[in-house]
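Observations on the model geometry
The residues making up each chain are set out below.
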Amino acid sequence: MRGRDRRRRRCGTAFGKAGTGRVIDLRQLRQFIAVAEELHFHRAAARLNMSQPPLTATVRRLEAEIGAALLERGNRVVRLTPAGAALLAHARLTVEQAELAVAAARDAAAGHTGTLRLTYVGSAMYGRLAGTVRAFRRSFPAVRLELREATTAAQVAALRDGTSDLAVLLAPLPDDTGLSVSAFDRDRFAIALPAGHRLAASAGLALADLADEPFVLWPAAEGRGFHHQVVRLCASAGFVPRVAQEAHQMHGVLALVAVEVGVSVVPASMAGFRADEIVYRPLEVAGAAFTLSLCRSDGPLGAPAQNFLDLALR
């Protein structure tokens, strides 16, 4: 109690002997600012859309609280005292800061500020995701957007441990417990060959023509749905792909194709990647299409992530 009393005495000293240490609220400060700027009670009352007597009472309560006159009153002229001028300067800053705080809270609640952590498989940026990200950045420029390319398995892990808000990945997932998955984009597979490959110029190239070729693929554990679909396509063509090298990202797969480590089956949307070194041939067979999904955890979703989700699924 003694510490509290000392704090009260210091507050009373700061505002004068008559001060009680009671908190001055924003309404009182706004009313004082109006009087101090208008230097006329009647005009200040009209500006505030209130009657004059309560405004006069507010200024008197402030003077009693501070323990000093704030205004020099004459017959018609009102002038600020040094104490009034000091209060006006700080009152303006206090009201402005309070308004900024309220605006910041509203912006955060509406998702106009904050952070969105989005992961995606490499091919997603060659499709609809690029336009969605661009539209989101234009609509919510103050949101910090953290983008990270990752395999489907890594994205699911990030959603589960809370280090990612949204993920663009390839379904189906081995285990989607606690996750919500929505269709987002469509793509299809294409054969990828080194530009100097003997089959690169072949008309009507079919997947079966690659039965004896070394393949570059990604580990099944990192993208189970994608990997299994490619293996099924090869099985339908009459062979099991002979994997010579694995890479954990689609860009890594194509980089290895470019340097003639092997051939691959990749998303057709990436056909522009290193096009001078890689030849792409879209697969026009059953089962060659696939869906990119937008995935989130079933827990609470932050406002920025919800805004992106609404935009993406519109």
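Description of the structure in this document. (Residues numbered from 1 in each chain as written. Predicted model: local features only at pLDDT ≥ 70, side-chain atom pairs only at ≥ 80, totals over all residues. Heavy atoms only, no water.)

**Things to note about the overall build of the protein**
So the rule is basically this: For the purposes of this entry, the term helix denotes a DSSP run of H or I that reaches at least four residues, the term strand denotes a run of E that reaches at least two, and both are numbered from the N terminus. Exposure classes here rest on a 1.4 Å probe applied to the protein chains alone. A residue is buried below 20% of its type maximum, exposed above 50%, and partly exposed in between. Contact criterion: two residues are considered in contact whenever any of their non-hydrogen atoms come within 4.5 Å of each other. Residues counted as positive are Lys and Arg, residues counted as negative are Asp and Glu, and His and the chain ends are not counted. We put the charge of a Lys on NZ, of an Arg on CZ, of an Asp on CG and of a Glu on CD.
Of regular secondary structure, the protein possesses 10 helices and 11 strands. Its C-alpha atoms give the protein principal-axis dimensions of roughly 105 × 45 × 30 Å. Among the 314 residues that make up the protein, the fraction classed as buried is 41%. For the protein, restricting intrachain contacts to residue pairs at least 6 apart in sequence, the fraction spanning at least 24 positions comes to 71%. Across the protein, 38 positive and 29 negative side-chain charges occur, with their mean positions spaced 16 Å apart.

**Comments concerning the pattern of salt bridges**
Keep this limit in mind: Criterion for a salt bridge: a side-chain nitrogen of Lys or Arg within 4 Å of a carboxyl oxygen of Asp or Glu.
A complete count under the given rule lists 13 salt bridges for this structure. The shortest N-O distance in the salt bridge between E37 and R47 comes to 2.6 Å. A residue pair is termed long-range when its members are at least 10 positions apart, and E37 in helix 2 (residues 26–38) and R47 in helix 3 (residues 41–48) qualify at 10 residues. The class for E37 is partly exposed, based on a relative accessible area of 36%. Residues R47 and E38 are paired through a salt bridge, measuring 3.2 Å at the closest nitrogen-oxygen approach. When its relative accessible area of 42% is taken as the criterion, R47 is described as partly exposed. It is possible to trace a salt-bridge network through shared partners that takes in E37, E38, R43, R47 and R92.

**Examining the side chain of S293**
Along the chain, S293 falls in strand 11 (residues 289–297). Accessibility expressed as a relative area gives 5% for S293, which makes it buried. Those residues in contact with S293, other than ones at most four positions away along the chain, are A167, V168, L169, A171, V181, S182, A183 and F184.

**Regarding the packing of aromatic side chains**
The line we're drawing: Aromatic rings from Phe, Tyr and Trp, with only the six-membered ring used for Trp, were paired whenever their centres fell within 6.5 Å, and each pair was classed as stacked if the ring planes differed by under 30 degrees, edge-to-face if by over 60, and tilted otherwise.
Evaluated as defined, the whole model comprises 7 aromatic pairs. When the ring of F189 is compared with that of F290, the centres are 4.7 Å apart and the planes differ by 40°; the resulting orientation is tilted. Of this pair, F189 sits in strand 6 (residues 179–194) while F290 sits in strand 11, and the two are 101 residues apart along the sequence. The exposure classification of F189 matches that of F290, with both residues buried. When the ring of F226 is compared with that of F290, the centres are 5.3 Å apart and the planes differ by 80°; the resulting orientation is edge-to-face. Placement of the pair is F226 in helix 8 (residues 224–236) and F290 in strand 11, with a sequence separation of 64 residues. Owing to a relative accessible area of 3%, F290 belongs among the buried residues under this scheme. Here a set of aromatic residues connected by ring pairs shows up, and it is made of F189, W218, F226 and F290.

**Considerations on the packing of helix 6 (residues 128–139) against helix 10 (residues 303–312)**
Rules: Here the axes come from fitting lines to C-alpha atoms, over the contacting stretch only for helices, and the angles between their N-to-C directions go from 0 to 180 degrees. The labels follow the angle: roughly parallel below 35 degrees, roughly antiparallel above 145, roughly perpendicular from 65 to 115, and oblique for the rest. Handedness of a helix crossing follows the sense of rotation of the near helix relative to the far helix, less than a right angle counterclockwise being left-handed and clockwise being right-handed. When residue character is reported, Ala, Val, Leu, Ile, Met, Phe, Trp, Tyr, Cys and Pro are called nonpolar, Asp, Glu, Lys and Arg charged, and the others, Gly included, polar.
The geometry of helix 6 relative to helix 10 is characterised by a closest axis approach of 10 Å and an angle of 130° between their N-to-C directions. When the axes of helix 6 and helix 10 are compared, the pair comes out oblique. Handedness of the crossing formed by helix 6 with helix 10: right-handed. Where helix 6 abuts helix 10, its residues R128, L129, T132, V133, A135 and F136 lie against P304, N307, F308, L311 and A312. Residue composition of the contact of helix 6 with helix 10, by class: 8 nonpolar, 2 polar and 1 charged.

**Remarks on the nonpolar core**
Quick reminder of the rule: Nine residue types can take part in a nonpolar core, namely buried Ala, Val, Leu, Ile, Met, Phe, Trp, Tyr and Cys, and a core is a set of them joined through side-chain atoms within 4.5 Å.
Within the largest apolar cluster, 55 residues are counted, with the highest numbers of intra-cluster contacts made by L129, V168, L207 and F308. Counting 20 residues, the second-largest nonpolar core is a separate cluster that includes V35, V59, V78 and V95.

Any functional reading would require information that these geometric values do not contain.
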